[in-house]
Amino acid sequence: MSSNVLNITLDELLERLHLPTHTEMETIRFPETVGEGTIERVRLHSGTEIHKWDFQLQKNDDVEITSPISSTDLNFLLHGHVDYCIDGVSHHAKENDVQLSFRSQVKKIKYIAGVPMTFLKIRIPTQKFDDFIEQLSPNRNPRFELIDEVLGRSYGQEVIDPAVQVILWQILRCPYPKEIRNLYIEAKVMELLSIYFYYRICQAVCGLKDKPSILRGDDAEKIHVAQQFLLQHMENPPSLIELARQVGLNDFKLKAGFKELFGTTVFGYLREKRLEKAFCLLQQGQLNISEVAYSVGYSNSGYFAGAFKEKYGLKPSQVYNEIRSR
């Protein structure tokens, strides 16, 4: 692993990180003239890279960068907030947002002084991404233009799925020694991609083969809005009728469409995501068990403990105590 301090501007640092690396791991420390913090860059055997940014700038900085390579980037903002623009479209990213981009783009980023920032970038080479899509759709030759069309809406922000939050936590806190560290992280990256892309690509591109879809027009988009709304309000979710009204569907279409897209009921999905987020919160160690239960919508900690053990085979106290003992 190499470690160095670069006496360059933030623009130049971003440009450097868009160039291929030939080292397995490097740590770059921010120059004092720019701010404080580090960037850890890990290159996996497949050519996929993971960048962990943990920094704070001394002054506001507007940067513009054009990626010289075609790649798929998943950017997970774990702490902080930032404004940016991709190909002329403005966005605001906040804590627990994920942003997808998957071709050469012009990006303008506005970093704010004094705001602690932590984000994780997963950069997948284009060929690796196409191979992954082909695995999801083995009976057709994936065309990048088609994927671009299907995923075009994903340039905006989405809330990080709780299942993905757990995997991010595992990647950042890999428990294994250097000899197998990259193998473990590579497997976790593939798991993360499978969860993240399945409903966006497999169902959108491949289509549902088992039975005709009941969804028409923009029904699927509305159901995805309902899914995001549930994730954002899992501690106090709306009723089924209220959720249907919120997204402009009737309750039958919402229930049947949700089952078609996600393979489970609306509140079965909510239960799974509550428990996944609870697992992530317990591993962060910042809240006690009762606080975790309440934050994901369980008013009874005993009922929460039973549901948690049923899903994970562990009591919440076992996860909590293991983290506290470190």
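Residues numbered from 1 in each chain as written. Predicted model: local features only at pLDDT ≥ 70, side-chain atom pairs only at ≥ 80, totals over all residues. Heavy atoms only, no water.

Regarding the overall build of the protein chain
1) Next: Along the protein chain, the regular secondary structure elements total 12 helices and 12 strands.
2) Next: For the protein chain, the residues scored as buried account for 49% of the 326 residues in total.
3) Next: Of the contacts formed within the protein chain by residues at least 6 apart in sequence, a portion of 69% connects residues at least 24 apart.
4) Next: Accessible surface for the protein chain amounts to roughly 16400 Å². Of this, 50% is attributable to carbon and sulfur atoms. (Helix = DSSP H or I, 4+ residues; strand = E, 2+ residues; numbered from the N terminus. Buried < 20%, exposed > 50% of the residue type's maximum accessible area, 1.4 Å probe, protein only. Contact = heavy atoms within 4.5 Å. Areas by Shrake-Rupley, 256 points an atom, 1.4 Å probe, with all protein chains shown as cover.)

With respect to the pairing of strand E4 (residues 49-57)
1) Next: As paired strands, strand E3 (residues 35-43) and E4 are joined by nine bridges and run antiparallel to one another. Looking at E4, one finds that Glu40 is bridged to Lys52.
2) Next: Of the strand pairs in this sheet, E4 and strand E11 (residues 117-125) are connected by seven bridges, and their pairing is antiparallel. Bridging across to E11, Lys52 finds its partner in Leu120. (Pairing = 2+ DSSP bridges.)

Focus on the packing of aromatic side chains
1) Next: For the structure shown, the criterion picks out 16 aromatic pairs.
2) Next: Each ring, one from Trp53 and one from Phe119, has its centre 5.2 Å from the other, and the planes form 15°; the classification is stacked. Linking Trp53 in strand E4 with Phe119 in strand E11, this pair joins segments that are 66 residues apart in sequence.
3) Next: Take Phe119: its relative accessible area is 10%, and that puts it in the buried class.
4) Next: Centroid distance Phe258 to Phe262: 4.6 Å. Interplanar angle 40°. Geometry classified as tilted. Of this pair, Phe258 and Phe262 both sit in helix H8 (residues 251-262), four residues apart, roughly one helical turn. (Phe/Tyr/Trp six-rings, centres within 6.5 Å; stacked < 30°, edge-to-face > 60°.)

Some remarks on the nonpolar core
1) Next: Counting 35 residues, the largest nonpolar core has Ile223, Leu254, Phe258 and Phe304 as its most contacted members.
2) Next: Going through the elements one at a time, helix H6 (219-232), helix H7 (240-247), H8, helix H9 (266-284), helix H10 (289-295), helix H11 (301-312) and helix H12 (316-324) are the ones with two or more residues in this core.
3) Next: The contact partners of Leu254, leaving out residues within four places of it in the chain, are Ile223, Ala226, Leu240, Leu243, Ala244, Leu249 and Val266.
4) Next: Counting residues in each nonpolar core, the second largest holds 26 residues, with Leu44, Leu74, Cys174 and Tyr196 among its members. (Core = buried A, V, L, I, M, F, W, Y, C linked by side-chain atoms within 4.5 Å.)

A look at the environment of Val164
1) Next: Relative to the helices and strands, Val164 resides in helix H4 (residues 162-172).
2) Next: Since its relative accessible area comes to 1%, Val164 is described here as buried.
3) Next: Separated by 113 residues in the primary sequence, Val164 and Lys277 place their C-alpha atoms 9.2 Å from one another.
4) Next: Discounting residues that sit within four places of it in the chain, Val164 has contacts with Phe76, Leu192 and Ile195.

Concerning the side chain of Lys121
1) Next: Along the chain, the position of Lys121 falls in strand E11.
2) Next: The contact partners of Lys121, leaving out residues within four places of it in the chain, are Glu49, Ile50, His51, Asp73, Leu74 and Asn75.

Let's talk about H9
An α-helix turns once per 3.6 residues; consequently, residues spaced three or four apart project the same way.
1) Next: In this model H9 runs 27 Å from its N-terminal to its C-terminal C-alpha over 19 residues, within 8% of the 27 Å that 1.5 Å per residue would give.
2) Next: Among the 19 residues that make up H9, 14 are buried, leaving the element largely enclosed by the rest of the structure.
3) Next: Directly beyond the C-terminal end of H9, a positive phi value near 75° is found at Gly285. (Expected span 1.5 Å × (residues − 1).)

With respect to H12
1) Next: Restricting attention to buried positions, one finds in H12 the residues Pro316, Val319, Tyr320 and Ile323. Down the axis of H12, the sector holding all buried residues measures 95°, keeping them to one side.
2) Next: Buried residues belonging to H12 abut H4, H9, H10 and H11. (Arc of directions from axis to C-beta.)

A closer look at the environment of Gln127
1) Next: Secondary-structure assignment places Gln127 in helix H2 (residues 126-136).
2) Next: Residue class for Gln127 comes out exposed when judged on its relative accessible area of 52%.
3) Next: When the C-alpha atoms of Gln127 and Gly47 are compared, they prove to be 9.9 Å apart, with 80 residues separating the residues in sequence.

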